[in-house]
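Residue strings, one per chain:
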Amino acid sequence: MIILAIIFIAVCIYWIYWLAHARRMDRMTKSLPVLPTLPLIGNGSLFLGDTQQILKNLWTVANLAFKHKNSAKLWLGPKLYVAIGDPGDAQVVLENCLDKDVVYRFLRPWLGHGLFVAPVNLWKTHRKVLLPVFHNKVVEEYLGVIAEQADVLIDRLAERIDGEKFDMLKYITACTLDIVFETAMGERMGVQQSPDTPYLRARHTVMTILNMRLFKVWLQPDCLFNLTQYAKQQKDNIDLTHKFTDEVVQKRRLEYEENKKKNIVKEQRGKLRAVLDLLFGREIEFTDEQLREHIDSITIAGNDTTALVIAYTLVLLGIHQDAQEKVLAEQQSIFGTSTQGATKDDLQKMHYLERVIKESMRLYTVVPIIARNVDRDIYLPTCGVTLPAGTGAVIGAFAIHRSAAWGPDHDEFDPDRFLPERSQTRHPAAFLPFSYGSRNCIGRNFGMLIMKSIISSVVRSYKIEADDIGPLKIEMLLFPINGHLIKISKRTL
Ligand code: HEM
């Protein structure tokens, strides 16, 4: 009885505190539009239904925002979120609010304090150490690995020549996994040869549970989630993936220590220096656990994103044959009839392909939403509102990419909108596929190298045909409901 009374009093105190806090937040953001709310859940019903419906609901919020200075607010249970569809306001948030929103906490058991979810203070020091590892000069050393895996991909795709339409994402994902694993950990995984391993299955299971938890609000509180079978399944599979990376880290640490004893310099000619190798002996002496967290974060943040952009771009080239012809002409001007992998110089000449990839990332923004915690009151100049500390700021990159900032034809595929002369007056934060500000994607240059190189190889080998991309759904990333369907035929150059 006493315990019940204490709980009741505690709930009442929390309720009074929350009410005062929420009133202040509501007052400060009163000029922002809001969809009708329900008691207790607020606008939580937006997250009911399947992931296609949820994406449609998010578009409803975006359209409401577009009519009111590009911002709108949402109450998700007791928490206030402000959805931002304006480049200027997005820039202010992404430059000033470096802390990720609480929703990223679901990734913590998996990625620990790796860059992706690290708290700001730790992130600042670690990001400084990791930045040089992703410098252009370093990632260009990986072009050999990329070219080798692109060749395997081309061979694997041969089984689809002149066949029915097929979903090409699984081919591309296997290829990018091989690239990202080898360059991040120095381990050749051979996913393209044997895609079904316990490690990959475990990774897939964890991702599926995380996606589910993100959009099923009743699974979000730990106390409820822990009552489900998913909690144990998630833990077992996370343990399995951790064990895998731990073993690689320990092996590489031994090699590093032995080389140090023998006084062998880091830059051994001809030997690939993986990201992991470059993280030993730095200004911060990372523990094995920290190394695992960074490597897991890099392989998870870097793989599906890159694979998805490649897949969307190839489907778009299949739909827009004129653009595919232009890409091909550019490739032929660089390679002639050669099918060899792209070098750094080759990639620098792929101006049109680069515009096509950017246009693909604009129309199909694979990281559609970026959510930050507002840790101090912050003024947003376009909507003219001060966001109170404690708000969640939701940057709708998918909506900004199809907003008025792109002109009346924002739904059209037009790679030339990225020509320098047509980009000059555009707001710098109108295009944020890799986020914006100091906490943007650390692997963006590496991602561009992979994407250009793989698409170059595929287009030189195969003619692609595709119909519409069709309806989309939102998970952590953006997917087409029907998959990335294409048909291919062999090119004779
Ligand atoms: C087309 C490919 C890619 C896209 C569209 C992309 C997109 C993004 C976005 C939007 C963020 C910020 C997410 C947020 O704040 O919620 C991010 C962060 C990150 N990305 Fe990428 N990414 C790509 C490729 C890569 C690659 C190839 C790597 C590494 C191999 C990578 C590693 C990371 C890491 C470690 C972070 C966290 C950075 C930090 O918080 O400091 N990404 N990425």
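Numbers given to residues run from 1 along each chain, matching the order in which its sequence is written. Local features in a predicted model are, by the rule used here, given only for residues with pLDDT of at least 70; side-chain atom pairs are given and counted only at 80 or more, and totals for whole chains, interfaces and linings are based on all residues.

The name an unreviewed UniProt entry assigns to the protein is Cytochrome P450, from the organism Helicoverpa armigera. UniProt positions are given in the numbering used here, feature names are shortened, and annotations may be inferred rather than shown by experiment. The UniProt entry for the protein carries the following comment under Cofactor (unreviewed entry): "heme". Quoted straight from UniProt, the Function (unreviewed entry) entry for the protein says "May be involved in the metabolism of insect hormones and in the breakdown of synthetic insecticides."

Caption draft 1: Up close: the packing of helix α7 (residues 143-157) against helix α8 (residues 169-185). Only the stretch in contact is used when fitting a helix axis, every axis being a line fitted to C-alpha atoms; angles between N-to-C directions are given from 0 to 180 degrees. Strands are runs of DSSP state E lasting at least two residues, helices are runs of H or I lasting at least four, and both sets are numbered from the N terminus onward. In the contact formed by α7 and α8, the axes pass within 10 Å of each other and the chain directions differ by 160 degrees. The angle between α7 and α8 falls in the class roughly antiparallel. Considering how the two elements wind past one another, α7 and α8 form a crossing that is right-handed. Residues Val145, Ile146, Gln149, Val152, Leu153, Arg156 and Leu157 of α7 touch α8, and the partners they reach there are Tyr171, Cys175, Asp178, Ile179, Glu182 and Thr183. Three categories are distinguished: nonpolar for Ala, Val, Leu, Ile, Met, Phe, Trp, Tyr, Cys and Pro, charged for Asp, Glu, Lys and Arg, and polar for the others, with Gly belonging to the last. Of the residues belonging to the contact of α7 with α8, the class tally is 8 nonpolar, 2 polar and 3 charged. To sort the angles, those under 35 degrees are grouped as roughly parallel, those over 145 as roughly antiparallel, those from 65 to 115 as roughly perpendicular, and the leftovers as oblique. Take the far helix as your reference; a near helix turned counterclockwise from it by less than a right angle gives a left-handed crossing, and one turned clockwise gives a right-handed crossing. Contact criterion: two residues are in contact if their C-beta atoms, reconstructed from the backbone, are within 7 Å.

Caption draft 2: Seen up close, helix α11 (residues 229-261). In a regular helix each residue adds 1.5 Å, so 33 residues correspond to 48 Å; α11 covers 48 Å between its end C-alpha atoms and thus fits that length. Put simply, a residue is buried when 20 or more other C-beta atoms lie within 10 Å of its own C-beta and exposed when 12 or fewer do; between those, it is partly exposed, and each C-beta is set from the backbone. The complete set of buried residues in α11 reads Gln234, Asn237, Ile238, Thr241, Phe244, Thr245, Val249 and Arg252. Summarising the contacts, the buried residues of α11 are in contact with α4 (108-111), α9 (198-215), α12 (275-278) and α13 (288-319). Two residues or fewer after α11 comes Asn263, characterised by a positive phi angle close to 65 degrees. Under the convention used throughout, the expected extent of a helix is 1.5 Å for every residue step, that is, one less than its residue count.

Caption draft 3: Expanded view of the site of the ligand. Taken together, 23 residues sit near the ligand, with Ala301, Gly302, Cys441, Gly443 and Gly447 positioned nearest. Mapped by element, the contributors of at least two residues to the shell around the ligand are α13 and α19 (444-461). In terms of residue count, α13 provides more of the shell around the ligand than any other element does, 7 residues in total. Among the residues forming the shell around the ligand, the class breakdown is 14 nonpolar, 7 polar and 2 charged. In this text, near has one meaning. A residue is near a molecule or strand if its C-beta atom, placed using the backbone, is within 6 Å of it.

Caption draft 4: Seen up close, the domain arrangement of the protein. An automatic or database domain assignment is the source of the domain bounds shown. Splitting the protein by domain gives domain 1 (1-28) and domain 2 (48-490). For domain 1 versus domain 2, the distance between C-alpha centres works out to 40 Å. Split into classes, the residues belonging to the side of domain 1 that touches domain 2 amount to 4 nonpolar, 1 polar and 1 charged.

Caption draft 5: Representation of the pairing of strand β2 (residues 79-84). Most of β2 sits inside the fold, with 5 of its 6 residues counted as buried. Paired strands are those between which DSSP finds at least two bridges. Bridge count for strand β1 (residues 71-76) against β2 is 6 bridges, and the pairing is antiparallel. The residue of β2 that forms the bridge with Ser71 is Ile84. Hairpin connection of β1 to β2: 2 residues between the antiparallel strands, including Gly77 at a positive phi of 60 degrees.

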